[in-house]
Amino acid sequence: MRRVCFVLLLLVFPLLVQSQPNTVRIGVLSIFHPHELTIAADPTGELMIAAGGQRIFLQQGSNCSLLRVRSAGENLLLSCNTVELRGGELHASGRNQQSAGLVITLPGKIKRRYVGVLELKAMRGELFPIITMDLETAVASVILAETTPGTPLEALRAQAIVSRSYFVSGGGRHSEFDFCDLTHCQFLREPPASDSPAANAAASTQGLVLTYEEKSVAAMFTRSCGGRTRTLEEIRVSQKGYPYFSVRCDFCYNNPVRWARKVSREDEELLKLRGENGRLAIGRRLGWNAVPSNNFTAQETGGEVTLSGVGQGHGLGLCQRGARGMAEGGSDFRAILDRYFPNTRLQALPSFP
Ligand SMILES: [Zn+2]
Ligand SMILES: [Zn+2]
């Protein structure tokens, strides 16, 4: 069935002549700065753990069902039942080094399931889990994490293509892995159930990416744009590749998300001088909602500055709120992407797992 879908896609969309990986390496859970964690297999699955030149098999109900990992400087200390191991690096996969379901728990903090192959390293006493996962699993996981429940399917499909395009072309912002699991790259949690709208949106656009001059676009998206999307120049960000256009977004134009914030004169100066990078610097210091977007006017009163703005996020590319409005009005994913990414084409990636 998958093969048939693929052939059908090729008939409809031209093939992208560019070799693309069909897996992505994502650094996960680093926001928690973990020093210890546990790894378990799915209830009916098995995990092969390779570390310190040895192999351990993890399976529910067996002698070894839960692997405990602690960091010691640059090393990992592993224990499972009576087995103890020390190693510089750990790999967890299926028996033939294939993708497998695995559950990582940070005690007292979070438990999250992934499908892929896990690499785990320790650096300066901190654990860094990296999951190599199928591109389509990553896309479906991002759709689930980055959209609100009830978003119409055509808007989810547009999001799938934007997120896939970003995974194919937007790497290079991290040295140890391709992408993080935060909004810095794309927010990612667990893969969705196979019958969920997020999984459906990924599967029904499988392998499709946005291209500009025959290259896939590191496509950006924003929560809401305030009435028109932004260009890179407007937000003072230099970037090669797709030249983002400022396009009118009817839904936000008619009903913008408005906000007002007080900031110091220094921070207003920072926003003026550095645009979006200034906004991000303020966000890192005061929280991500301190200046919700870069689309505002400023008024100074008594040493303080009041910003009155519209929109949420950097304002580049796909407006998620506008896409939802277009889909509710009957537009399909092609029309949505045409609106927010003028002069791009939809093309199919040449390789699939
Ligand atoms: Zn990142
Ligand atoms: Zn909008």
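Check the entry above for the structure.
I will try to describe carefully the structure that is included in this document.

Thresholds, definitions, all that
- Residues numbered from 1 in each chain as written.
- Chains lettered and ligands numbered in written order.
- Predicted model: local features only at pLDDT ≥ 70, side-chain atom pairs only at ≥ 80, totals over all residues.
- Heavy atoms only, no water.
- Helix = DSSP H or I, 4+ residues; strand = E, 2+ residues; numbered from the N terminus.
- Rg over C-alpha atoms; globule rule 2.2 N^0.38 Å.
- Buried < 20%, exposed > 50% of the residue type's maximum accessible area, 1.4 Å probe, protein only.
- Areas by Shrake-Rupley, 256 points an atom, 1.4 Å probe, with all protein chains shown as cover.
- Disulfide = S-S within 2.5 Å.
- Contact = heavy atoms within 4.5 Å.
- Donors = N, O, S within 2.8 Å, 3.2 Å for Na, K, Ca; no water.
- Tetrahedral: all angles 85-135°; square planar, octahedral: opposite > 155°, others 65-115°.
- Pairing = 2+ DSSP bridges.
- Axes fitted to C-alpha atoms, helices over the stretch in contact; angles between N-to-C directions.
- Core = buried A, V, L, I, M, F, W, Y, C linked by side-chain atoms within 4.5 Å.

1. A short note on the overall build of the chain
Helix and strand content of the chain: 8 helices and 20 strands. On C-alpha atoms alone, the chain measures out to a radius of gyration of 22 Å, which is about the 20 Å that the 2.2 N^0.38 rule sets for 353 residues. Within the chain, the fraction of its 353 residues that count as buried is 52%. Per element, the accessible surface of the chain, about 16,900 Å² overall, is 50% carbon and sulfur.

2. Quick word on the state of the cysteines
Across all of its chains, the model carries 1 disulfide by this definition. Between the sulfur atoms of Cys 64 and its disulfide mate Cys 80 the distance is 1.9 Å. Disulfide Cys 64-Cys 80: torsion about the S-S bond near 120°, hence right-handed. In this pair, Cys 64 sits in the loop between strand E4 (54-59) and strand E5 (67-72) while Cys 80 sits in strand E6 (residues 75-80), placing the two residues 16 residues apart along the sequence.

3. Structural notes on the environment of Ala 122
Locating Ala 122 in the fold gives a position in strand E10 (residues 110-123). Its relative accessible area of 5% is what places Ala 122 among the buried residues. As a C-alpha pair, Ala 122 and Gly 87 span 35 residues in sequence and 9.7 Å in three-dimensional space. When residues no more than four places from it in sequence are discounted, the contact partners of Ala 122 are Ser 71, Gly 73, Glu 74, Asn 75, Leu 76 and Leu 127.

4. Notes on the environment of Ala 158
Here Ala 158 lies in helix H3 (residues 153-169). Excluding residues that lie within four positions of it along the chain, Ala 158 makes contacts with Leu 318, Phe 333, Ile 336 and Leu 337.

5. Notes on the coordination of the zinc ion (ligand 1)
Surrounding the zinc ion (ligand 1) are the protein donor atoms His 174 (NE2), Cys 180 (SG), His 184 (ND1) and Cys 185 (SG), which sit 2.0 to 2.3 Å from the metal. Considering all 4 donor atoms around the zinc ion (ligand 1), angles at the metal cover 102 to 115° and the coordination shape is tetrahedral. Counting along the primary sequence, the residues that act as donors to the zinc ion (ligand 1) give the motif H-x5-C-x3-H-C. Using a relative accessible area of 36% as the deciding quantity, one classes His 184 as partly exposed. With relative accessibility at 8%, the residue Cys 185 sits in the buried group.

6. Concerning the coordination of the zinc ion (ligand 2)
Only Cys 225 (SG), Cys 249 (SG), Cys 252 (SG) and Cys 319 (SG) from the protein coordinate the zinc ion (ligand 2), and they sit 2.2 to 2.4 Å from it. On the primary sequence, the residues serving as donors to the zinc ion (ligand 2) are separated as C-x23-C-x2-C-x66-C. Here Cys 319 lies in strand E19 (residues 318-319) and Cys 249 lies in the loop between strand E15 (221-222) and helix H5 (250-254), a separation of 70 residues in the sequence. With a relative accessible area of 0%, Cys 249 lands in the buried category.

7. What about the sheet that holds strand E18 (residues 304-310)?
Pairing is antiparallel across the open sheet formed by 3 strands, whose spatial order is E16-E18-E17. With partners counted over all chains shown, the strands left at the sheet margins are strand E16 (258-264) and strand E17 (296-301), one partner each. Strand-to-strand twist across the sheet, computed as the mean angle between neighbouring axes with direction ignored, equals 20°. Taken together, the 6 bridges between E17 and E18 define a ladder with antiparallel strand orientation. Bridge pairing links Thr 301 to Glu 304 in E18.

8. Considerations on the pairing of strand E9 (residues 100-106)
Where burial is concerned, most of E9 is hidden: 6 out of the 7 residues are buried. With 4 bridges joining them, strand E2 (residues 36-41) and E9 adopt antiparallel strand pairing. The residue of E9 that forms the bridge with Ile 39 is Ile 104. Here E9 folds back onto E10, and the loop between the two strands holds 3 residues, one of which, Gly 108, carries a positive phi near 75°.

9. Overview of the sheet that holds strand E14 (residues 215-216)
Taken in spatial order, the 3 strands of this open sheet run E14-E13-E20, and their pairing is antiparallel. Each having just a single partner strand, E14 and strand E20 (345-348) make up the two edges of the open sheet. Relative to the sheet, H3 contacts strand E13 (208-212), E14 and E20, its axis offset from that of E13 by approximately 65°.

10. Remarks on the nonpolar core
By size, the foremost hydrophobic cluster in this structure holds 88 residues, and its most contacted members are Ile 39, Leu 67, Val 69, Leu 90 and Phe 341. Setting aside residues up to four positions removed in sequence, Val 69 forms contacts with His 35, Glu 36, Leu 37, Ile 39, Leu 76, Leu 77, Leu 78, Leu 90, Leu 120 and Leu 127. Grouped together as the second largest cluster of nonpolar side chains are 8 residues, Trp 259, Leu 271, Val 305 and Leu 307 included.

11. Here we look at helix H7 (residues 320-328)
Among the 9 residues of H7, 7 are classified as buried, and the element is accordingly described as predominantly covered. Among all positions of H7, only Gln 320, Arg 321, Gly 322, Ala 323, Gly 325, Met 326 and Ala 327 are buried. Packing partners of the buried residues in H7 comprise helix H2 (135-146), H3, E15, H5, E19 and helix H8 (333-340). Backbone geometry just after H7 places Gly 330 at a positive phi near 105°.

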